Each structure stands twice: as structure tokens, then as C-alpha cells.
Amino acid sequence: MMNRLYKKNELLFSLIWIAIYVFGLSAADNLSKTLGMEKIITVVVSILLSAILFIWMQNNNLFRKYGLCRSQIPASKMLYYIPLILMMSVNLWYGASMNLSIAETVFYIISMLAVGFLEEIIFRGLLFQAMCKDRVKMAVIVSSITFGMGHIVNLINGSGADLLSNVLQVGYAIAAGFLFTVIFFKTKSLLACIGTHSVLNALSVFGNETAMTAGKEIISAAALAGISILYTIYILKLDGNRSGMED
């Protein structure tokens, strides 16, 4: 059934996967909280969805199309991905703490690693590739904004995120989404994006919540957005290729 839908309409296929991911993970988070153990259901759902996508891509020889391959640009030209390393560390900028039990921490880390894989494959892989055949610029914009706006669900899924935190998250997620899409477009690989996204998410479980103020949240969000924008500009100018994203 997946293959029939994919061959018939790649864009619809990607939108269905976005819906499954957003509502499936949101429901899993709520159920986990109801059971009294953080991410205990989420980890199962995220691993299951990741396995389904991975096996489907493997069976249909789609690893290269969706970026599960080496970059076509040397790491030296990509500044050895140092900006991505800075982004990965953002949750530890104000210290680290053990916020959950050991079991919940393990569940959280595994689920966030899976979420990084899922979001990159769905938004940067499926959605972007389905749209870029016709209009590359529009595909980049839609993929990035859709990814960022998808985080609005955190306001209603019981995650505990307040309005300021959620607005900031949407803002820097759009900027990071744009960066990751450009990296995929230029390098034809999603491995660096998946790694960055997964580690950034996973390390959030160790963030020092008691030290976090509204001001620090704004600074962190601005730093993430700034790093994303500057690194995106650099990547777009690699080899003097400024027309690569022209429709």
C-alpha cells in the first residue's frame, strides 16, 4: 500500500507521513504522561515509525534519494560542521542536570534520537524531494516553515511548554529547518542533519532548567537562529554557486 501511494503521489505520501508523525508522537507523549513515566510509549512509537521508514527505503533502494549516503562536499569545505556542533551543545550552555529518573532518561534519549531521524527523513527527505522537482526555492521554504510550524503542537500536547518557549522554538526551528534543507540540497546527504538534530534533541533532557530564564531562552534561540542563518549563507556560496536554488 505504501508503494502504491508513493508512486501515485509523492507529495500526498509525505503529507500523510507528517500527519502520522505529528499526531502519533503527540498521542504517545500524552499516553506516556498518563502512565506516569516520561516517553515510555513515545519510545516504542518513534522506534516503530523509524523502522517502517528505514525498511521501506531499504527495500526500494531509496537511501541515496533521501540522503542516507555520504556527502558530495568534503568536510573541510563545510567548515568541518563546526556550526552544527555548536548547535548540538545549546542545551548544555547553562549547565547540566539530571531531570528525570534513569529509566525515563534512557527512554527520552532513545525517542529523541529516533525523532531526529524521523523529522529529517519526513521534512527534508520526503516533503522536500516531492516538491523540488518543480520549484526548488518553494520546496526549501515550505519544508522549513512546515517543520517549524509543526512544533506548535507542543502547546497542546501536554509537553508543558509555555507560550514564549513555544514561539521561540518555532522561530529557531524554521531557521534550522532552512539550514538543514540547504545542507541536504547542496551535499545530497542528510547524515549530518540527522546527527545534529538527534543529538540536540537528546541532550535537552540534561538541560539545567533551574538556571533557565526568559532572557536566556531568548539568547539561546537567537544564537541558534543566527548560527543557522550565517551557516546557510556560507553553504549557499560554496564554489561560487549562487544559482543552484533557482527555479
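Residues numbered from 1 in each chain as written. Predicted model: local features only at pLDDT ≥ 70, side-chain atom pairs only at ≥ 80, totals over all residues. Heavy atoms only, no water.

Caption draft 1: How the structure looks around the environment of Gly95. You can see Gly95 is positioned in the loop between α4 (82–88) and α5 (102–131). Since its relative accessible area comes to 27%, Gly95 is described here as partly exposed. (Helix = DSSP H or I, 4+ residues; strand = E, 2+ residues; numbered from the N terminus. Buried < 20%, exposed > 50% of the residue type's maximum accessible area, 1.4 Å probe, protein only.)

Caption draft 2: Expanded view of the nonpolar core. Core analysis: the biggest nonpolar cluster contains 56 residues, and Trp56, Met87, Ile122 and Ile183 have the highest contact counts within it. If you list the elements that add at least two residues to this core, you get α2 (10–35), α3 (42–59), α4, α5, α6 (136–149), α7 (163–187), α8 (191–203) and α9 (214–236). Those residues in contact with Ile122 that sit more than four places away from it in its chain are Ser14, Trp17, Ile18, Tyr21, Leu53 and Leu127. (Core = buried A, V, L, I, M, F, W, Y, C linked by side-chain atoms within 4.5 Å. Contact = heavy atoms within 4.5 Å.)

Caption draft 3: Seen up close, the pattern of salt bridges. Counted under the stated rule, the structure contains five salt bridges. The residue Lys33 makes a salt bridge to Glu38 at a minimum N-O spacing of 3.4 Å. Under the relative-accessibility criterion, Lys33 is labelled partly exposed at 35%. Taken together, the salt bridges that share partners define one network made up of Glu10, Lys65 and Lys133. (Salt bridge = Lys/Arg side-chain N within 4 Å of Asp/Glu carboxyl O.)

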